[in-house]
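The lines below spell out each chain.
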Amino acid sequence: MLNGSAMARGDGDEREAQERLCKPNTTPSLSCRFLKLELELNAHLRVLSFGEPVRYVYNPLEYAWETHSCYVEKYCQTGQSFLFLGMNPGPFGMAQTGVPFGEVKSVVDWLKITGAVGRPADEHPKRRISGLACTQSEVSGARFWGFFRKLCGEPAGFFRHCFVHNLCPLIFMSSSGKNLTPPELNARERAELFRLCDIALCQAVEALGVSMVIGVGRVAEQRARRALSAAGMDVRVEGIMHPSPRNPLANKGWESVAKAKLAQLGVLALLSNDTRPELSNTQETS
């Protein structure tokens, strides 16, 4: 049984971290409040235990807190209407960078995220954390951020209207190093994980004040719809196809599918950069 102590970070004190977030005697910024919510979720997740098939659990919101907080402080802002919601980190994306769908090249070159990345307490020998120096590209993240880079030109064009977040910050691996998604966990452990993450999602949506949550992938969409409905929150939930290379349809042209769906939702018109007409003629690469 893998218990929460294996996920504990080195400094481990949420109260100390929270005190560093905001200046005393001032009204906390949205990014500060958002980061505090994530620290609270970290504290709850740390006491969970996971059995087979899980052998390793990483939480990049602990060892990659510096880069993650850079992302939130830079891009979480008032006035955003749409929240793109992923499920949980990928091994060569957020697990390395602390940024949702955080393929390293996109995070460094486009989002301009900086900071030190530590390492989890217990690493799989085949899934080492290299942080922003990681040379392995994550296809899902490259497709996701690459699409919005071509669409918006600069990050400001995207984040003026949108923010990106994951339902669950944990990444799970088997003894072989295989990536395990939350639906593959033991039913009891999965239920408690989702209970905590659903509560945190509702708090995040309320803090952000978004009018629509767009699940990236069917599971994220379904979880968001269930959590927000159960909380009685009047927030529209929609979904777009996940850009994972495991998805044959995504491999045939994820950008065109995502573009059509965002046009249907009324999001595309807000993000389109008319100076970049090449989007419609660009083939996806991985």
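What counts and what doesn't
- Residues numbered from 1 in each chain as written.
- Predicted model: local features only at pLDDT ≥ 70, side-chain atom pairs only at ≥ 80, totals over all residues.
- Heavy atoms only, no water.
- Helix = DSSP H or I, 4+ residues; strand = E, 2+ residues; numbered from the N terminus.
- Contact = heavy atoms within 4.5 Å.
- Expected span 1.5 Å × (residues − 1).
- Buried < 20%, exposed > 50% of the residue type's maximum accessible area, 1.4 Å probe, protein only.
- Polar contact = N/O pair within 3.5 Å; in protein donor to acceptor, adjacent residues only side chain to side chain.
- Right-handed = clockwise from strand over helix to strand, strands pointing away.
- Pairing = 2+ DSSP bridges.
- Core = buried A, V, L, I, M, F, W, Y, C linked by side-chain atoms within 4.5 Å.
- Axes fitted to C-alpha atoms, helices over the stretch in contact; angles between N-to-C directions.
- Parallel < 35°, antiparallel > 145°, perpendicular 65-115°, else oblique.
- Nonpolar A, V, L, I, M, F, W, Y, C, P; charged D, E, K, R; others polar.
- Salt bridge = Lys/Arg side-chain N within 4 Å of Asp/Glu carboxyl O.

Draft legend 1. Structural view of the environment of Ala207. Mapped onto the fold, Ala207 is located in helix 9 (residues 187–208). C-alpha of Ala207 to C-alpha of Thr78: the two residues are 129 residues apart in sequence and 9.4 Å apart in space. Contacts of Ala207, omitting those with residues within four sequence positions, involve Leu30, Arg33 and Leu37.

Draft legend 2. Main features of helix 9. The first and last C-alpha atoms of helix 9 sit 31 Å apart over 22 residues, in line with the 32 Å expected at 1.5 Å per residue. Every buried residue of helix 9 is listed here: Glu189, Leu193, Phe194, Leu196, Cys197, Asp198, Ala200, Leu201, Cys202, Ala204, Val205 and Leu208. Considering only its buried residues, helix 9 is in contact with helix 2 (30–45), strand 2 (82–86), strand 3 (162–166), strand 4 (171–173), strand 6 (212–216) and helix 10 (218–230). Its side-chain oxygen placed 2.9 Å from the backbone nitrogen of Arg188, Asn186 serves as the N-cap of helix 9. Two residues or fewer after helix 9 comes Gly209, characterised by a positive phi angle close to 75°.

Draft legend 3. Representation of the pairing of strand 7 (residues 236–240) within the structure. With four of five residues buried, strand 7 is to be regarded as a mostly interior element. In this fold, strand 6 hands off to helix 10, which returns the chain to strand 7; that crossover is right-handed.

Draft legend 4. Up close: the sheet that holds strand 5 (residues 179–180). Here three strands make up an open sheet; going across it, the order is 1-4-5 and the pairing antiparallel. At either end of the open sheet lies a strand with only one pairing partner, and these are strand 1 (56–58) and strand 5. Note: strand 1 against strand 4, three bridges, orientation antiparallel. By the bridge assignment, Val57 is partnered in strand 4 with Phe172.

Draft legend 5. How the structure looks around the nonpolar core. Core analysis: the biggest nonpolar cluster contains 75 residues, and Phe84, Phe148, Phe158, Phe163, Phe172, Leu193 and Val213 have the highest contact counts within it. It is helix 9 that contributes the most residues to this core, 10 residues altogether. Core analysis: the second largest hydrophobic core is formed by eight residues, Tyr56, Ala64, Ile129 and Met173 among them.

Draft legend 6. Here's a closer look at the packing of helix 2 against helix 9. Put simply, helix 2 and helix 9 touch, their axes get as near as 10 Å, and they point 170° apart. Looking at the two axes, helix 2 sits roughly antiparallel to helix 9. Of helix 9, the residues touching helix 2 (which contributes Leu30, Arg33, Phe34, Leu37, Leu41, His44 and Leu45) are Leu193, Leu196, Cys197, Ala200, Gln203, Ala204, Ala207 and Leu208. Of the residues assigned to the contact of helix 2 with helix 9, the class counts are 12 nonpolar, two polar and one charged.

Draft legend 7. Molecular detail of the pattern of salt bridges. Inspection of every chain in the model, using the stated rule, returns 12 salt bridges. Among the salt bridges present, the one from Glu123 reaches Arg119, with a minimum N-O distance of 2.7 Å. We note a salt bridge from Glu221 to Arg225, for which the minimum N-O separation is 3.2 Å. Of this pair, Glu221 and Arg225 both sit in helix 10, four residues apart, roughly one helical turn. By relative accessible area, Glu221 is classed as buried at 15%. Counted as one network, the salt bridges with shared partners bring together Arg119, Glu123 and Arg128.

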